[in-house]
Amino acid sequence: MVNLIWALLAVTGIVFAAFNGTMEEVNKAIFSTLDEAVMITLSLTGVLVFWLGLMKIAEAAGLLEGLAKLFRPIVKRIFPDIPDNDPALGYILSNMTANMFGLGNAATPMGLKAMKELKRLSGTEEASRSMITFLAINTSSLTLIPTTVIAIRMKYGSVDPTSIVGATIMATIISTLAALMIDRLFYYKRKRTLKI
Amino acid sequence: MISIWLIPGIIVIILIIATVKRVPSYEVFVEGSKEGIQIAISLLPFLLGMMVSIAIFQASGAMGAILAFFQPLMTAIGVPADILPLALIRPISGTAALSVTTELIRTHGPDSFIGQLASVMQGSTDTTLYIITVYFGAVGIKRMGDALKVGLLADLAGIIASVIIVIILFH
């Protein structure tokens, strides 16, 4: 599916540019994006190295296990496939916590580490049930305090920059619940077709 | 304000507990962080490839044409058409979505209906394509099953939820 989307975006874009006379812009966009991608990866490297180092300490000190134990009743329901006290749970929870507080920079490394642990559990190159659930939660956003948006609102002179926090939390809760339900729906559909 | 204290706070708590438990913190830090370099390097091809495709699509004007095509439909169901670019681009590109949000807030004002809606939408959804690319790319997942469908449908739910909530709360 991603193969198709990827090719489709580029091919449609180039064909469109041919008819629309925007080939020069396309050329510029290609090469500036290459630089941008390297820059993003570079800045991600710093964040990844730092947080994964720190999280390794947290793991060694038993903090991730503690976090996993504390939220086990909830997380067990969302991720029934992950064994109790598996380090994957700790990383999933730290990713979710960081996301909730708007610490996107800290959330990504822990999410990546969680994915790595989930891959260790499944042992294949195919996305496992837990991986898809974890992804669904992440794509629906868990942010409780959207700091970037508040900053933009302040910059453009909002009377009450934080007025949108309540609405954002409500929308986030709905989209996360929807994500979990959609994920379950697809899971049961997969299971049914497998049986037949 | 809280966010200024949050990260230093986390660092202090982790380091104190680790020291009390006699974890060789610096050595463990270095050991754990090495993994970060590997993940970052394996990430680059996935990220770069996806970003180039999206950039071509946007720069060619194809994105704009799709938006123009859908605009009458949005107006017909009573949702301001100005919000459409944000709703469509949010799952695809995070930086593009942020610039659209900024532009909407700048032109319509942060406290206008569209300004509020853009703020809520930006805050309550995430860039599905980026997350899938990064998370699956870094660990080498080749077949992603229903992940993309689930992610995009969740985005749709978030976008519809933002519209309804903002209409109820601010109108």
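Reading the values: rules and limits
- Residues numbered from 1 in each chain as written.
- Chains lettered and ligands numbered in written order.
- Predicted model: local features only at pLDDT ≥ 70, side-chain atom pairs only at ≥ 80, totals over all residues.
- Heavy atoms only, no water.
- pLDDT = per-residue confidence, 0-100.
- Helix = DSSP H or I, 4+ residues; strand = E, 2+ residues; numbered from the N terminus.
- Contact = heavy atoms within 4.5 Å.
- Buried area = accessible area lost by both parts, 1.4 Å probe.
- Salt bridge = Lys/Arg side-chain N within 4 Å of Asp/Glu carboxyl O.
- Polar contact = N/O pair within 3.5 Å; in protein donor to acceptor, adjacent residues only side chain to side chain.
- Nonpolar A, V, L, I, M, F, W, Y, C, P; charged D, E, K, R; others polar.

### Section: the confidence of the model for chain B
Residues and elements named next belong to chain B. Per-residue pLDDT for chain B averages 88, and the proportion of residues at 70 or more is 98%. Of all helices and strands in chain B, the one with the weakest mean pLDDT is helix 3 (residues 62-76) (84), whereas helix 6 (residues 113-124) scores best (92). We note a pTM of 0.85 for the whole complex and an ipTM of 0.82 for its interfaces.

### Examining the interface of chain B and chain A
Reports of interface size often rely on the accessible area that becomes lost once the parts have come together. The interface of chain B with chain A comprises 87 residues on the first partner and 90 residues on the second. In total, about 7,800 Å² of surface goes out of reach between chain B and chain A, with carbon and sulfur atoms giving 79% of it. Linking chain B with chain A are six salt bridges. Taking the shortest distance from any N to any O, the salt bridge between Lys113 of chain A and Glu35 of chain B comes out at 2.9 Å. Counting every contact that joins chain B to chain A gives 23 residue pairs in polar contact (both at pLDDT 80 or more). For the side of chain B that touches chain A, the elements supplying multiple residues, two or more each, are helix 1 (2-20), helix 2 (25-59), helix 3, helix 5 (94-108), helix 6, helix 7 (128-139) and helix 8 (147-170) of chain B. Looking at which element gives the most residues to the side of chain B that touches chain A, the answer is helix 2 of chain B, with 26 residues. The class makeup of the residues in the side of chain B that touches chain A is 52 nonpolar, 24 polar and eleven charged.

### Some remarks on the side chain of Arg90 of chain B
All names here are of chain B. Tracing the chain through its elements places Arg90 in the loop between helix 4 (84-89) and helix 5. Side-chain polar atoms of Arg90 contact the backbone oxygen of Thr125, separated by 2.7 Å. With residues near it in sequence (within four places) discarded, Arg90 still touches Ala97, Met121, Gln122, Thr125, Asp126 and Thr127.

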